[in-house]
Amino acid sequence: VGHCHPDIVQAAHEQNQLLNTNSRYLHDNLVNYAERLSKTLPETLCIFYFLNSGSEANDLALRLARQYTKHEDVIVLDHAYHGHLTSLIDISPYKFRNLEGQKEWVHVAPVPDTYRGLYREDHEDSVTAYANEVKNIIEQAHKRGRKIAAFLAESLPSVGGQIIPPAGYFQKVAEHVHKAGGVFIADEIQVGFGRVGKHFWAFQLQGEDFIPDIVTMGKPIGNGHPIACVATTKEIAEAFAATGVEYFNTFGGNPVSCAIGLAVLDVIEKEHLQAHATEVGNFLMKLLKEQKIKHPIIGDVRYQCLMYIFSWLLFGSVK
């Protein structure tokens, strides 16, 4: 919502003067914020865990998935990055290939890139072809006695190359993953909160019939303030609670963080920032497409409103 937005600064200042404790002490801000977030999500995603960073959110999502499924293995997309914790470096090909390599419980699927990936725009059914790559990974894992806990992907892979998955891909992948006893985790840490304009969440670009089992949030959630969230279903949360080991985060969901989170949602709504992202994004996209016509060196221009205003300078012959 912009650098030092006065509404955000004021919300933080006012709450700082009143109360900032750890989250063992109940406060209305926590409940009010969860209620406001719930209105942006599908009804089934009704349980919220508050944390301090996107990395913490993705780590907790893995714990939730593994406790619910009783499985260990995770499928991720190639080139992905999901955070700096050890558990997340292990599932981030962008990082682990330069470190200790791929763990046996990690499986890497090709990015659903229809511009220069395995299956391109001229393929008769790139959606099914890319989803079948995940299906094949699951089948090969089962042959080795492995069991899939989760498929985890950014709703719009960013570090992986600013990729826009073809509509229907997540639905088909979720079908294969659910059949294998796993869950679908949508990483919205970089792409959520209205940045894609038309929808509040990037996973909604796939269609109304797609609902992840777990959604992770970070970065824009607090406009620079350290706050993050995991949203999931009642069934998954209950399986997690059944361990008897309660989830606790000293500063996750503290009154100041929640006051800031509420202010961010207020600004997005009051200043019509989703509509603004759409309008400005369309304007910039038009100009970039004009440049693409003029300059053969520009191979592809792709965007979702203000999320992906990137012009990838590729030789036209690459396509």
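Note that the structure is a prediction, hence the values are computed from the model and not measured.

Draft legend 1. Just the side chain of glutamate 188, in detail. With respect to the helices and strands, the residue glutamate 188 is situated in the loop between strand E5 (183-187) and strand E6 (214-217). One polar contact links glutamate 188 to serine 155, side chain to side chain, over a distance of 2.6 Å. Other than its neighbours up to four places away in sequence, glutamate 188 contacts Ser155, Trp201, Ala202, Phe203, Val215 and Thr216.

Draft legend 2. Quick look at the nonpolar core. Counting 55 residues, the largest nonpolar core has Tyr33, Leu37, Val134, Phe151, Tyr169, Phe193 and Met217 as its most contacted members. Broken down by element, this core gets its largest block of residues, 9 residues, from helix H9 (residues 255-270). Residues contacting methionine 217, with those up to four places away along its chain left out, are Leu37, Leu41, Gly54, Ala57, Ile189, Phe193, Trp201, Ala228, Cys229 and Ala231. In this structure, Ala61, Ile185, Val230 and Phe240 belong to the second largest nonpolar core, which totals 25 residues.

Draft legend 3. Local environment of unusual backbone geometry. One non-glycine residue, histidine 79, adopts positive backbone phi at about 70°. Locating histidine 79 in the fold gives a position in the loop between strand E2 (73-77) and helix H4 (86-89). Accessibility expressed as a relative area gives 40% for histidine 79, which makes it partly exposed. We note that glutamine 162 has phi near 55°; this positive angle belongs to a residue other than glycine. On the secondary structure map, glutamine 162 appears in the loop between strand E4 (148-154) and helix H7 (169-179). Assessed through its relative accessible area of 10%, glutamine 162 is described here as buried.

Draft legend 4. Geometry of the state of the cysteines. Considering all chains together, one arrives at 0 disulfides under this definition. A disulfide-free cysteine, cysteine 46 has its sulfur positioned 12 Å from the sulfur of cysteine 229, the nearest such atom.

What counts, and at which threshold
- Residues numbered from 1 in each chain as written.
- Predicted model: local features only at pLDDT ≥ 70, side-chain atom pairs only at ≥ 80, totals over all residues.
- Heavy atoms only, no water.
- Helix = DSSP H or I, 4+ residues; strand = E, 2+ residues; numbered from the N terminus.
- Polar contact = N/O pair within 3.5 Å; in protein donor to acceptor, adjacent residues only side chain to side chain.
- Contact = heavy atoms within 4.5 Å.
- Core = buried A, V, L, I, M, F, W, Y, C linked by side-chain atoms within 4.5 Å.
- Buried < 20%, exposed > 50% of the residue type's maximum accessible area, 1.4 Å probe, protein only.
- Disulfide = S-S within 2.5 Å.

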